[in-house]
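Here's the letter readout for the chains.
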Amino acid sequence: MDNPFVKTIDIIADTISNELKVNQEEVFRFLMEPVKEEYADFSFPIKRFLNKPEDLIFKIYNNLDSNNLKLVDIEPVSGFLNFKFKEERLFEKIIDYVKNGGVIKTKKSDKQLTIVVEHTSANPIHPLHMGHTRNTCIGDTLSRLLSARGHKVNRRFYIDDMGRQVVIAALGFKIINENPLELSKRVNIKPDKLVGWIYAVSSTTLDALEAKKKNNMEEAEKLAAVLTKLKSQDPSNLFDKLFSGLSSLSDPEKEISNIMLNYEKGLDPEKSLIRSMTKSVLNGFMDTLNKLDINFDNWDWESDIVWNGLVDNVINLAKNNKYFTKFKDADALDIPSIINELVKNDQQISKIINLPKGFELPPLILRRSDGSTLYTTRDIAYSIYKFNETKADKVINVIGADQRLPQLQIRLALLGLGFKKEALNLIHYDYEIVRLPGKSMHGRRGEYVTLDEVIEDIKNKAVEELKNRNPNISNDSANEIAEKIAVGTLRFSMVQLNSMKPLTFDISKAINLRENSGPYLQYTYVRALNILEKHGKINYDAIKNDTINHKLRRSMLIKALKFPLIAAKAADDLSPEDLVSYLVSLSDQFNQWYENDSVIRENDYGIKEGKALLVELVKNTLDEGLYLLGIPRLNKI
């Protein structure tokens, strides 16, 4: 059974699209534009397309009538077609829809795609920290939205195990001659935290040695202070052995280069060392991500992309390509020529690639003169792999705004190498940094706030708040609820703003139960649930249609019924913040309504049942909305 509200909007959009020969998606976007509810529930700017809309209005009415959906009044006003639902008829249809098992779900797309979402993909050298949290929450929320829209979504994590940072951490373990996973178990510390400490000590020591070598004593003294702090965090008397081992290296850079080259060739012992270390970090990642209910379909190793010959394939393809060149004695692609010949001369490509004005790009080096490849080369190979492996229509890379240049270079390289479809359907979903008040983050120095620590901190504050509200609550119950509040707090906070706005995460504000927060949505859901539990089973047959002849009730009905369309647009626009704004607004409206128009104390039985249905609609909408945001539902708070 079709949702009568959504079906009505679909018929309106289809009719306008067919009659005006306008793309249906464009019509849908116009209809979803905000409109003052005293004028209309939806509106369309007809003046842009048609001077006399009478025939179109007749067509819309006719198509709605033939589907037994005489639910709207249409009025042309000041260049707009205003659509306003006849509330009693709509409510009658909704009663029947819910009575027969109808649910509030995201509207499915007419064109269902295969979409890869690659997200998180943190360097495996330390625990996930607050710098990664926005990425992982955005990526998973986008995946949930797109999946709800009907797309086939493939979630991937790219394991960057071939970078210099990984090699520095591996060098540290080589010097102390320890297996990362075995050591972490022995000293009872999370493996990713252990690797993070080894990496910080190793990188800081090497930088301090280099500063001394250059007689930069001011820098050396700063780094010595960092090392003193790191020594105080020593998990098992490892610092002195690690520091002295690194200090005794005659040529640290040569050692790092040898490990890097041998690993790129897949040679042991470097292969076994780096793989075991990286796997231990990934175990820590998975443990943390499970707390947020975030999972992946595939974990792709950067080294596998190299060892399977995919990077060599890219380089060989480049060598036989007209845009191949030499730049600084290295194999490269002539990006400026690709821009001039393929982008600027094609309006469609130019619009999609969207080059920054006045921005000049140099040739892109693919392979250094020593035979080693760059991470952008490996990313080109990985991009092709993601499309081929999944037969994807689109690939979305959730990567920080600081990676705009490399992501642009990858798209241009794909275009120059003949992968036009891939270049035009590779989307860089960028985001700005997360700040913590009074905190600075510097992974090389071991200075970061881990995601585990933040979750625990929020949980402890939530337990305190719960016990203040209910001194009789058991510890087990308080901890169980607080864990869900912690997840809801984080997940809401990381997607509530447009991704291009820097985000400052303040726990005291983020945990607010009364407004604009994850816990606020959880609280509103529990409130709706409690009302329905007190009310009992709804008698749909007894509901009076005129229940809805009340400004706040009508407004809330329309707001709740818009959810399938709001969620669909949020998915299409890759804008989870729009869903967040909607759910907060719905919660505000619900809480305002209930405080002034009680369900339980209503004397008129038919109206009481109608009010209970409104509560059920809001509860079901929040249920689905919270799931899409990855926020756990609570039964009590």
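Fair warning: this is a prediction, and the values are worked out from it, not measured in the lab.

(A) Quick look at the sheet that holds strand β1 (residues 42-44). Strand order across the open sheet formed by three strands is β1-β3-β2, with antiparallel pairing between neighbours. The open sheet is flanked by β1 and β2 (72-77), the only strands paired with a single partner. Between one strand and the next, the sheet's axes are offset by a mean angle of 20°, whatever the strand orientation. With three bridges connecting them, β1 and strand β3 (residues 80-85) associate as antiparallel partners. Looking at the pairing, F44 lines up with L81 of β3.

(B) Looking closely at the sheet that holds strand β7 (residues 324-327). Pairing is antiparallel across the open sheet formed by three strands, whose spatial order is β7-β8-β9. Where the open sheet ends on each side, the last strands, each with one partner, are β7 and β9 (364-367). Between one strand and the next, the sheet's axes are offset by a mean angle of 50°, whatever the strand orientation. Both β7 and strand β8 (residues 330-333) contribute to a ladder of four bridges, which runs antiparallel.

(C) Highlighting the environment of N516. You can see N516 is positioned in the loop between α22 (507-510) and α23 (518-535). A sequence separation of 139 residues divides N516 from T377, and the C-alpha atoms of the two residues are 43 Å apart. When neighbours within four sequence positions are excluded, N516 is seen to be in contact with F492, Q496 and V584.

(D) Region of the structure containing unusual backbone geometry. A cis amide bond, omega 5°, links D268 with the succeeding residue P269. Within the fold, P269 resides in the loop between α11 (252-264) and α12 (270-291). One non-glycine residue, N215, lies in positive phi territory at about 60°. You can see N215 is positioned in the loop between α8 (191-213) and α9 (217-232). Non-glycine residue K328 carries a positive phi angle of around 55°. Following the sequence through the fold, K328 ends up in the loop between β7 and β8.

(E) Quick peek at the environment of L310. Mapping L310 onto the fold places it in helix α14 (residues 310-319). Sequence-distant contacts of L310, that is, excluding residues within four places in its chain, are made with I305, A381 and Y385.

(F) Main features of a negative patch on the surface. A contiguous patch of negative charge, built from E88, E92, D96 and D546, is present on the exposed surface. Checked against the element boundaries, E88 lands in helix α4 (residues 87-99). The exposure class of E88 is partly exposed, given its relative accessible area of 32%.

Calculation rules
- Residues numbered from 1 in each chain as written.
- Predicted model: local features only at pLDDT ≥ 70, side-chain atom pairs only at ≥ 80, totals over all residues.
- Heavy atoms only, no water.
- Pairing = 2+ DSSP bridges.
- Helix = DSSP H or I, 4+ residues; strand = E, 2+ residues; numbered from the N terminus.
- Axes fitted to C-alpha atoms, helices over the stretch in contact; angles between N-to-C directions.
- Contact = heavy atoms within 4.5 Å.
- Patch = residues over 30% accessible without salt bridge, like charges linked within 9 Å, V, L, I, M, F, W, Y side chains within 5 Å.
- Areas by Shrake-Rupley, 256 points an atom, 1.4 Å probe, with all protein chains shown as cover.
- Salt bridge = Lys/Arg side-chain N within 4 Å of Asp/Glu carboxyl O.
- Lys, Arg positive; Asp, Glu negative; His and termini not counted.
- Charge placed at Lys NZ, Arg CZ, Asp CG, Glu CD.
- Buried < 20%, exposed > 50% of the residue type's maximum accessible area, 1.4 Å probe, protein only.

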